[in-house]
Amino acid sequence: MSVSSSQKHKNDIILSTCIIYVENSVGEKVPLRVLADSGSQVSLLRSSTADFLNLRKLKTDMLVSGLGGSNVNIKSKIKGVISNGSGSYKRVVDFHVYPKLLI
């Protein structure tokens, strides 16, 4: 009996990721692999990554719902300058800092 590829990987999910560059507190470009979620309403960043970038945290107050109905209260955000590898694209993005995974 043979199993087709679609049957073998029936429960697999493919997530789109890409490498972006975020400037840290001294202007160095740090490569980060990010999940590209076109349906997301905010950009999220782990607190450990925000600490590594050493950018100033701004106060905010936002409740974010994750998978399975879990809620996380977001208390800070950072403004990050992102770019592509060549530097031909550059943009300032608000990253909301979350303390744990939203699953």
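Named according to an unreviewed UniProt entry, the chain is Peptidase A2 domain-containing protein originating from Trichonephila clavata.

### A word on the nonpolar core
V22, L32, L45, L53, I78, I82 and F95 are the most contacted members of the largest nonpolar core, which has 13 residues in total. Taken together, the elements giving at least two residues each to this core come down to β1 (17-23), β2 (29-35), α2 (47-53), β5 (71-83) and β6 (90-98). Ranked by the residues each element gives to this core, the list is headed by β6, at three residues. Setting aside chain neighbours within four positions, we find L45 in contact with L32, A50, L53, I78, F95, H96, V97 and Y98.

### Focus: unusual backbone geometry
Backbone phi values are negative for most residues with the exception of glycine, while trans is the configuration of most peptide bonds. One non-glycine residue, N54, lies in the positive phi region at around 60°. Its place among the elements puts N54 in the loop between α2 and β4 (58-65).

### Points about the pattern of salt bridges
Per the counting criterion, the structure on display carries five salt bridges. Here K75 and D61 are joined by a salt bridge, their closest N and O atoms 3.5 Å apart. You can see K75 sitting in strand β5 and its partner D61 sitting in strand β4, a full 14 residues away along the chain.

### Considering a nonpolar patch on the surface
Together, I13, L15 and L35 make up a nonpolar patch on the protein surface, roughly 360 Å² of accessible area in all. As for its placement among the helices and strands, I13 is situated in the loop between α1 (5-8) and β1. Look at I13 and you get exposed, because its relative accessible area is 71%.

Criteria and thresholds
Residues numbered from 1 in each chain as written. Predicted model: local features only at pLDDT ≥ 70, side-chain atom pairs only at ≥ 80, totals over all residues. Heavy atoms only, no water. Core = buried A, V, L, I, M, F, W, Y, C linked by side-chain atoms within 4.5 Å. Buried < 20%, exposed > 50% of the residue type's maximum accessible area, 1.4 Å probe, protein only. Helix = DSSP H or I, 4+ residues; strand = E, 2+ residues; numbered from the N terminus. Contact = heavy atoms within 4.5 Å. Salt bridge = Lys/Arg side-chain N within 4 Å of Asp/Glu carboxyl O. Patch = residues over 30% accessible without salt bridge, like charges linked within 9 Å, V, L, I, M, F, W, Y side chains within 5 Å. Areas by Shrake-Rupley, 256 points an atom, 1.4 Å probe, with all protein chains shown as cover.

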